[in-house]
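# Coordinate inspection notes
Residues per chain are reported as follows:
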Number of protein chains: 2
Amino acid sequence: MRLTTKGRYAVTAMLDLALHTDSGPVSLSDISNRQGISLSYLEQLFAKLRKQSLVVSVRGPGGGYRLSRDRSDIFVAQIVDAVNESVDATGCKGRSDCQGGNTCLTHHLWCDLSDQIHDFLSEISLEKLVKRQDVRQVADRQDKDSKVSASASQEKISAALIG
Amino acid sequence: MRLTTKGRYAVTAMLDLALHTDSGPVSLSDISNRQGISLSYLEQLFAKLRKQSLVVSVRGPGGGYRLSRDRSDIFVAQIVDAVNESVDATGCKGRSDCQGGNTCLTHHLWCDLSDQIHDFLSEISLEKLVKRQDVRQVADRQDKDSKVSASASQEKISAALIG
DNA sequence: CTAATAACCTACTAATTCAGTCGGGTAAAT
DNA sequence: ATTTACCCGACTGAATTAGTAGGTTATTAG
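Below is a summary of the structure that appears in this document. Everything numeric here is computed off the predicted structure, so don't read it as measured data.

### A short note on the overall build of chain A
Counting secondary structure elements, chain A contains seven helices and two strands. Secondary structure elements of chain A, listed N to C terminal, follow the sequence α-α-α-β-β-α-α-α-α. For chain A, the proportion of its 163 residues judged to be buried stands at 44%. Put simply, 62% of the contacts in chain A that link residues at least 6 apart link residues at least 24 apart.

### Thoughts on the interface of chain B and chain A
With 40 residues of chain B in contact, the opposing surface of chain A contributes 40 residues. Summed over both partners, the interface of chain B with chain A comes to about 3,400 Å²; 65% of that surface belongs to carbon and sulfur atoms. Applying the counting rule to chain B against chain A returns two salt bridges. A salt bridge links D112 of chain B to R132 of chain A; the nearest nitrogen and oxygen atoms lie 3.1 Å apart. Here chain B is connected to chain A by six residue pairs in polar contact (both at pLDDT 80 or more). Elements with a contribution of two residues or more to the side of chain B that touches chain A: α1 (5–19), α2 (28–35), α5 (107–122) and α7 (133–162) of chain B.

### Digging into the packing of aromatic side chains
All names here are of chain A. Following the criterion strictly, the structure yields four aromatic pairs over all chains and no others. Both rings, one in Y9 and one in Y41, keep their centres 5.9 Å apart while their planes meet at 80 degrees; by these two values the pair is edge-to-face. Residue Y9 is found in helix α1 (residues 5–19), and its partner Y41 is found in helix α3 (residues 39–51); the two are separated by 32 residues along the sequence. Residue Y9 is classed as partly exposed on the basis of its relative accessible area of 28%. Here Y41 falls in the partly exposed class, since its relative accessible area comes to 27%. A ring pair is formed by F46 and Y65, whose centres lie 4.8 Å apart and whose planes are at 45 degrees; its orientation type is tilted. Here Y65 lies in strand β2 (residues 64–67) and F46 lies in helix α3, a separation of 19 residues in the sequence.

What counts, and at which threshold
Counting from 1, residues in each chain are numbered in the order their sequence is written. Just so you know, chain letters begin at A and ligand numbers begin at 1, following the order they were written in. Per-residue local features are limited, in this predicted model, to residues with pLDDT of at least 70; the limit for side-chain atom pairs, both in listing and counting, is 80 or more; totals at the level of whole chains, interfaces and linings are taken over all residues. The side-chain numbers reported here are obtained from all heavy atoms of the structure, hydrogens and water having been left aside. Helix and strand definitions here come from DSSP, where helices need a minimum of 4 consecutive H or I residues and strands a minimum of 2 consecutive E residues; each element is numbered from the N-terminal end. Three labels apply to residues, based on accessible area from a 1.4 Å probe with only protein chains included: buried if under 20% of the type maximum, exposed if over 50%, partly exposed otherwise in between. We call two residues in contact when some of their heavy atoms are within 4.5 Å. As a working definition, buried area equals the accessible area (1.4 Å probe) given up by two parts on being put together, with both sides summed. When a carboxyl oxygen of Asp or Glu lies within 4 Å of a side-chain nitrogen of Lys or Arg, that pair is called a salt bridge. We call two N or O atoms a polar contact when they sit within 3.5 Å, provided that within protein one can donate a hydrogen and the other can accept it, with sequence-adjacent residues counted only if both atoms are side-chain atoms. Ring geometry is summarised as follows: Phe, Tyr and Trp rings, the Trp one being its six-membered ring, pair when their centres sit within 6.5 Å, and such pairs are stacked at plane angles under 30 degrees, edge-to-face over 60 and tilted between the two.

Here you go:
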């Protein structure tokens, strides 16, 4: 099982997408600003998300990404799977050849755990996350912050142009 | 959440200990032979397991390691915790400062997942594992194999001494 | 007593992965 | 035409993993 910043970033970014999906495609630089994830890194992650048809891209000005289907039909497990290679807890990827061709002592334990984690994350859709109160609260703060910093940087630009 | 070969090795080794606990202390080289884990690596892992008082050591010839307490009172979660730093799925270790001092969008999701995994692994004792049929089967095969290879290497030694 | 055993300890290493950067593309809208 | 923003590949520092190497200390069997 592998669950690092990579998978967390992917889920966070997808959730950001789900939250701002009403006003057309969402650009990666918007997500980068709101979520504090580097733009280039997001590009790498979204390349994988696109390959797994979790998102569709719109090129050109005003473009960005959109969810490929309804929020209720995209699950956290799918997102993590898309960017990591697997959510498997066994070392042998279920092949049971963990100990030189044979099954290792704890093989079945890790299989059970993998199932457990997968089941848990498979039940959580973006829709479900969007409706959570803790998510809404954080999202509201982020929207406010990004507007502030947007106007702040606008002021900086103006100041630079004037000064 | 970090669950790699490290944690798997530790659990496997502890289970081996639990299975062979009747005939006195178990040496790391025995575990190394049976489980196919490098001796030096086992030493590193057991240093941590000892610090967490999961095992006690007996030095000198005939020495080795023993479980510090009953098999039913040692749980997989404790073992994984002892060798990895944590089984936490959040990046901020529960401090909620994932996004530059603030809570990130998906913080609570990872908290939930951490709890889920921890609960699952906290319920599984070594006792429980020892009684599982799949574990017994693998253990039987390993005991046979190690005896064969032990007598084989004994023969090699004899052959070397004679030849 | 001494030789063997096995825990204990420190330091080093190759390989991998993560998280991120950089530079240059290409497609589409204004 | 220019800007926007996706697209793509190569590269990088830092961290971690899994393991090596080489020694020291405690204990016991002979």
